[in-house]
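# Structural overview
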Amino acid sequence: MGYSVGQVSGFAGITVRTLHHYDKSGLLSPSDRSPAGYRLYSDADLARLQQILFYRQLGFPLDEIATIMDDPQANALDHLRARHRLLTDQITKLQRLVEVAEQAMEVQQTGVELTPEERFEVFGEVAFDLTYATEAHLKWQHSEGHQRSMARAAAHSKEDWATLMAEAADWRRRLLAAFDAGAPADGERAMDLAEEHRQHISRWFTPCPTDMHGRIADDFAADPRAFALIVPPAEQRPGLAPYLRTAAHANAVRQNDQG
């Protein structure tokens, strides 16, 4: 049984014009004819078309496809390896473009109005995860505290961010030192660090009462993307996020008792 150009176009998902082009170039010509003289595609032709479409999906040009399929000396594996290298390079370049686009989107989500160069200079390895920033924005966009925090962040200058991040880096160094030294999470040293972090949020972003700080610390322990905002993955330790959560809640009890 043979298949007309229209039939093949329909179930192969390509246009009649493309099939005519394959025919004209000699890449794929119908090998059967109907009693009325119309050219028809055989099962073998369809198998060849399937191979052609496979190579086209990988980005091979038509002349290279013809070489692979018609030259007995052609090594299809060598061609595929070369195409794999090319596609891998393209993926790397496209991934970089995606990162650039995400950075631009990220600025809109986080309110950090700095150039990419300034952001790298100020933040270093501490980075905002776009998915987390987007989810947080959607979750808290109607919250007065979130809106105030976003507005404060957008108003910070490069110098403000540099000071803020220097304070955060010093605090992070002391947090890691306390954790590595085995200081109890509910002890004075850890609670003082938790209180310092709470005051840091209040000073630079939005008033942060102890219950709010507890929720933030819970988020740090539950979501690695959130914790990466204050401790880069390269500096993290197993159990560090829960350690800070415990310290934050213990500090909340202490602050309430003192208040």
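It should be emphasised that the depicted structure is a prediction, and the values quoted were computed from it without experimental measurement.

When helices and strands are counted, the chain shows 13 helices and two strands. Burial status across the chain gives 37% buried among its 259 residues. The long-range share in the chain, meaning contacts at least 24 apart out of those at least 6 apart in sequence, stands at 57%. With an accessible surface of roughly 15100 Å², the chain has 56% of that area assigned to carbon and sulfur atoms.

A few words now on the packing of aromatic side chains. Scanning all chains against the criterion turns up six aromatic pairs. The interplanar angle of 90 degrees and the centroid separation of 5.7 Å between the aromatic rings of Y3 and F11 together place this pair among those described as edge-to-face. Aromatic side chains F220 and F227 sit 6.1 Å apart centroid to centroid with 55 degrees between the ring planes, which places their arrangement in the tilted category. Linked through ring pairs, F54, Y55 and F60 together constitute an aromatic cluster.

Each full turn of the α-helix corresponds to 3.6 residues, which orients residues three or four apart in the same direction. Looking at helix 1 (residues 5–12), one finds that the buried residues are V5, V8 and S9. Across the axial projection of helix 1, the buried residues extend over an arc of 100 degrees, all falling on one side. In the segment just after helix 1, G13 is the residue with positive phi, at about 75 degrees.

A separate point is the nonpolar core. Counting 22 residues, the largest nonpolar core has L175, F227, I230, L240, Y243 and L244 as the members making the most contacts within it. For this core, the elements supplying multiple residues, two or more each, are helix 9 (158–180), helix 10 (188–204), helix 11 (210–222), helix 12 (224–227) and helix 13 (240–258). Among the elements that make up this core, the one with the highest residue count is helix 13 (six residues). In contact with Y243, not counting residues within four places along its chain, are L175, A178, F179, A183, P184, A185 and A190. Membership of the second largest hydrophobic core comes to 17 residues, among which are Y3, L19, L49 and I52.

What follows concerns helix 11. Taking 1.5 Å of rise per residue, 13 residues should cover 18 Å, and helix 11 covers 18 Å from first to last C-alpha, within 8% of that figure. Those residues of helix 11 that sit buried are T210, H213, G214, A217 and F220. The buried residues of helix 11 occupy an angular sector of 115 degrees when projected down its axis, which confines them to one face. As for helix 11, its buried residues are in contact with helix 10, helix 12 and helix 13.

Turning to the packing of helix 11 against helix 13, a few remarks are in order. One can describe the packing of helix 11 onto helix 13 by two numbers: an axis separation of 8 Å at closest approach and a directional angle of 170 degrees. Judged by the angle between their axes, helix 11 and helix 13 are roughly antiparallel. Where helix 11 abuts helix 13, its residues T210, H213, G214, A217, D218, F220 and A221 lie against A241, P242, L244, R245, A248, H249, A252, Q255 and N256. When the residues that make up the contact of helix 11 with helix 13 are grouped by side-chain class, the tally is eight nonpolar, six polar and two charged.

By the secondary structure assignment, S202 is in helix 10. According to the relative accessible area criterion, S202 is partly exposed, its value standing at 22%. Separated by 11 residues in sequence, S202 and H213 have C-alpha atoms that sit 9.9 Å apart. Residues within four places of S202 in sequence aside, it is in contact with R152, P207 and C208. Within the structure, S202 has its side chain in polar contact with the backbone nitrogen of C208 (distance 2.9 Å).

Rules of the game
Every chain's residues receive numbers from 1 upward, in the order its sequence appears when written. The predicted origin of the model limits local features to residues at a pLDDT of at least 70 and limits the giving and counting of side-chain atom pairs to 80 or more, whereas totals for whole chains, interfaces and linings rest on all residues. Each side-chain value is derived from all of the structure's non-hydrogen atoms; neither hydrogens nor water enter the calculation. For helices the rule is a DSSP run of H or I covering at least 4 residues; for strands it is a run of E covering at least 2, with both sets numbered from the N terminus onward. Burial classes: relative accessible area under 20% of the type maximum marks a residue as buried, over 50% as exposed, and values in between as partly exposed (1.4 Å probe, protein chains only). Between two residues, a contact is recorded if the distance between any of their heavy atoms is within 4.5 Å. Accessible areas in this description were obtained via Shrake-Rupley with a 1.4 Å probe; residue shielding takes into account the shown protein chains only. The criterion for an aromatic pair is that two Phe, Tyr or Trp rings (for Trp, the six-membered ring) have centres within 6.5 Å, with stacked assigned to planes under 30 degrees apart, edge-to-face to planes over 60 apart and tilted to the rest. This arc corresponds to the set of directions leading from the helix axis out to the C-beta atoms. Joining through side-chain atoms within 4.5 Å is the link that ties buried Ala, Val, Leu, Ile, Met, Phe, Trp, Tyr and Cys residues into a set, and such a set is a nonpolar core. Given the number of residues in a helix, its expected span is that number minus one, multiplied by 1.5 Å. Only the contacting stretch of a helix is used when fitting its axis, a line to C-alpha atoms as for every element, and angles between N-to-C directions run 0 to 180 degrees. We call two directions roughly parallel when the angle between them is under 35 degrees, roughly antiparallel when it is over 145, roughly perpendicular when it lies between 65 and 115, and oblique otherwise. Amino acids are sorted into nonpolar (Ala, Val, Leu, Ile, Met, Phe, Trp, Tyr, Cys and Pro), charged (Asp, Glu, Lys and Arg) and polar (every other residue, Gly among them). Polar contacts, as counted here, are pairs of nitrogen or oxygen atoms within 3.5 Å of one another; within protein the pair requires one atom able to donate a hydrogen and one able to accept it, and residues that are adjacent in sequence qualify only if both atoms are side-chain atoms.

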